[in-house]
Amino acid sequence: MRILLAALFSLLLLAPPSLAVTTPDLTFIPAQISASSPFIVIAKGQTTVPTRVTWTVPGFGEADFGSFSKVGDLFVCYFSNADPAALCGPTPFQVATVGFDPATMLVNAVDASGATANKTAEVPVGSMTLITKPNMEIPVNGTIYMSITTPGNFPTGVTYAVLLKNFSFQADYKPLTYDVVGDKWIGNVTLPGGEYYLVFSATSASNFGGTVVSVSVPQDATGAGVCSVSESDYPLLADQVNIPGVLVEKGKPFSKTGYFISNGGSAPVNNITASVPAALANMLEVALQATSLDANDTTSFTVTLKNIDQSLTINTIVTLLSNGTAVGEIPVLAAVTVTGALTCSGEGSLAVAPSTWAGEFSVGPVSKTFTLSNNGNSAASGFNISTSGTIAGIAQITPPPSLPSKGAGSLVVELDPAAAGTYEGTVTVAGAGGSATILVNARFFADVTGDIDAAKQDLEDFENSLSIEQLTQLAGTIDDVSSLLDDAQSSFTTGDYAEAEQSLNEAKASITVLGVVAAAPAPPGTPPSADGSGLAFAIPLIVVVIVVAVVLLFFLRRRKKTAPKDDEDEGLDDDLKEEFES
C-alpha cells in the first residue's frame, strides 16, 4: 500500500519533490566499536521511491566515503578489514577516540528529483580490542563455542548477540562467562543451519570495544531441515531451540533449559503462554519462567520432550500468546533417538523415514513417499493405519502389502484438502510389535492463477478506457501494477504462494483505486484535454485520501483479525496513522 500511496501522490503532484526523501535513522551494531574492528551500520529511511544512501567519514586526512547496500527495506553497511564479504569494505575508523571527541559519520540520502536528507552521527571508537578464538566461526553440530580475550584491558563484562543475515536480531545481548584460569570470556550458542553475525560488546570503567564475526552453520546432518526465523512485528524475541541429537530412554522425559525470551517492544506484555501445535502437545512442552515482561525485560524457558517411544525429528513453531493474541514465536528443531524401543521377544519393530512432512502447497492432491522399515526378525503385514489432528479427514495412506524381516518398503501419504488452510497431525503405522509415526504440518493456498489472469484483463480493460493524456500520465503506475501481477504469477509458479497472494491483493487494490481516480469528475477550472473531456483523473486531495483510506482499512482489518474485539478499532487507527506517516 505504501507503493500505491507514493505512486498516487506523485501522479497528482500533491507533494513537492523535497518530501520524497526522509532523514535516515541510523543504528550502529555494536553501539560502541573497537578501532580497526568490523561493525555494521543500518540506515532506515525512504524505501518507496528510488533512493541512494551514501556515507562519508572526514577522518584526519582524505575523507573516506561510499554507498550503503540495499538489503530488503534497509540500507546496510558491513565494514571489515578481513572479511571479503564486507558490503562496504574496510572500516573507516582505524584510530580510537577514547579521551577525544567522537568520530563522525555523515549519511546522505538522495532521491531521483535531487532532494536530499542527511544525518550526522557521533561514533564512539574504543581502544579495547576484542580477540575472538581462532576458527570460532566453525560450529560443532550447530553449536558455536565463543571465546573472547581483551589483551591489556579488564572489562566489567562482555556480551554477545546473534544477528541474522537480513540484519534482524535473532537473540538480543546476553552475557558471556569469565574464565579465571584462561583469562577469557566464554559461552556457547546453538543455532539452526544458516548465516549469522555474532556481535560482541565489552565495557570497563574507562574503555570499551565491540566487534562483529560472520559465521555459517551448516544444515542439520539428519536432513531434517532448518527452522527459519519469521520476520514479524512481534514484540517478544525468543531463542531458537536446536537440539541436533539427543538419546532418551523410551517414554522418559528430556528437558533442556538456558533459552531466553526478551520483550523488544515499548510496552509490557502480560499473561504470556506458549502454545504447542496440537499434534505435538503430548510430546513437547515449553515452560516459561515468567509470564509477564516489561519493555526490555528477559525471561528464560525450558523445553521438555516427553512421552516419546519412537525415534523422530520435531520441526515446528511454538507460538507465544498474550491473552490469546500472538506476540512471538519459538522455532523448535529436535532430533530424538529412543533407546529401549525394541522388544526382547524379537517380534520386530517399525521405523519410518523421514519422520516429518512440512511444506506449503497449492490446494489439490499432494503426496509424499516414505520408507517404512521392519527391524524385526520376522515378516510383517496387515498394518494398522491411524491419523490424528486436522489431517484426519484429508489423508489417504497406502502402506506396503508386507515387509520381510530386516526389510523396507514404500509408504505413500496423500493429502487432498477441499479448501485452503493449515492442516497438521500425525500418521501412525502399527504392526510387527511396534509402531512408527509421521508428524505432518502442511499449509495449503488457493490456486490464484485464474484471479491473476482476471486482474490482468481488468488492467488491460482499464488501459483501453483511458484517453491518451490519461494513459500518458498513468503509465508509470500501470506498469507498477503490471509488475505486481507478474510477480504474483512468478511467485505462484515457484511455490511461494503467500507472496503470490500478497502481490495479487496489492495489485487488485491498486486497480480499484485507479478506476476510482480515473472516473472522478474534474474540479472546476480544470483545463480540457485534446478531446475536450478534461483531465478526469485530476481530483482533489480529499478524494484520494478517502479512497486510499478505504483500501487501507480493508487490509488492516484483515491483519487485525486475531486482535481482541475491544482493541480492534484502536489498533486500526494506529496502523492507519503509521501507514500515512511512513
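I will try to describe carefully the structure that is included in this document.

Rules behind the numbers
- Residues numbered from 1 in each chain as written.
- Predicted model: local features only at pLDDT ≥ 70, side-chain atom pairs only at ≥ 80, totals over all residues.
- Heavy atoms only, no water.
- Helix = DSSP H or I, 4+ residues; strand = E, 2+ residues; numbered from the N terminus.
- Buried < 20%, exposed > 50% of the residue type's maximum accessible area, 1.4 Å probe, protein only.
- Pairing = 2+ DSSP bridges.
- Axes fitted to C-alpha atoms, helices over the stretch in contact; angles between N-to-C directions.
- Phe/Tyr/Trp six-rings, centres within 6.5 Å; stacked < 30°, edge-to-face > 60°.

### Looking at unusual backbone geometry
Of the consecutive residues Ile-29 and Pro-30, the connecting peptide bond is found in the cis state with omega at -5°. Secondary-structure assignment places Pro-30 in the loop between strand 1 (25-29) and strand 2 (33-34). One non-glycine residue, Ser-36, lies in the positive phi region at around 65°. Its place among the elements puts Ser-36 in the loop between strand 2 and strand 3 (39-44). The exposure class of Ser-36 is partly exposed, given its relative accessible area of 32%.

### Overview of the sheet that holds strand 5 (residues 64-67)
Read from one edge of the open sheet, four strands run 5-4-8-9, paired in antiparallel fashion. If you trace the sheet from one side to the other, it starts and ends with strand 5 and strand 9 (116-123), each paired once. Adjacent strand axes in the sheet meet at a mean angle of 20° when their direction is disregarded. Here strand 4 (residues 51-57) pairs with strand 8 (residues 103-111) via six bridges, running antiparallel. Looking at the pairing, Arg-52 lines up with Val-110 of strand 8.

### Focus on the pairing of strand 7 (residues 74-79)
By the criterion of burial, strand 7 is predominantly enclosed, with six of the six residues buried. Covered by surrounding structure in strand 7 are Leu-74, Val-76 and Tyr-78 together with Phe-75, Cys-77 and Phe-79, the residues of both alternating faces. By the bridge criterion, five bridges tie strand 3 to strand 7 in an arrangement that is antiparallel. Directly across from Ile-40, in strand 7, lies its bridge partner Tyr-78. With three bridges joining them, strand 6 (residues 69-71) and strand 7 adopt antiparallel strand pairing. Its bridge partner being in strand 7, Ser-69 is matched across the sheet by Val-76. Where strand 6 folds back onto strand 7 in an antiparallel hairpin, the turn is made up of two residues, including Gly-72, whose phi is positive at roughly 65°.

### Considering the sheet that holds strand 31 (residues 384-389)
Taken in spatial order, the four strands make up an open sheet running 28-36-35-31, and their pairing is mixed. Two strands bound the open sheet, and with one partner strand each, they are strand 28 (356-362) and strand 31. Sheet twist, expressed as the average angle between the axes of neighbouring strands with direction ignored, equals 20°. Relative to strand 36 (residues 434-445), strand 35 (residues 421-431) is paired through 11 bridges, and the arrangement is antiparallel. Following the sheet pairing, Gly-421 is matched in strand 36 by Phe-444.

### Here's the deal with the packing of aromatic side chains
One pass over the structure, following the stated rule, counts 13 aromatic pairs. Where Tyr-178 meets Trp-185, the ring centres are 5.0 Å apart and the plane angle is 45°; that geometry is what we call tilted. Their ring planes at 70° and their centres at 5.0 Å tell us that Phe-492 and Tyr-497 sit as a pair that is edge-to-face. Of the two residues, Phe-492 and Tyr-497, neither departs from the other in class, the shared state being buried. Connected via pairs of aromatic rings, a cluster forms that spans Phe-28, Phe-39, Trp-55, Phe-79 and Phe-93.

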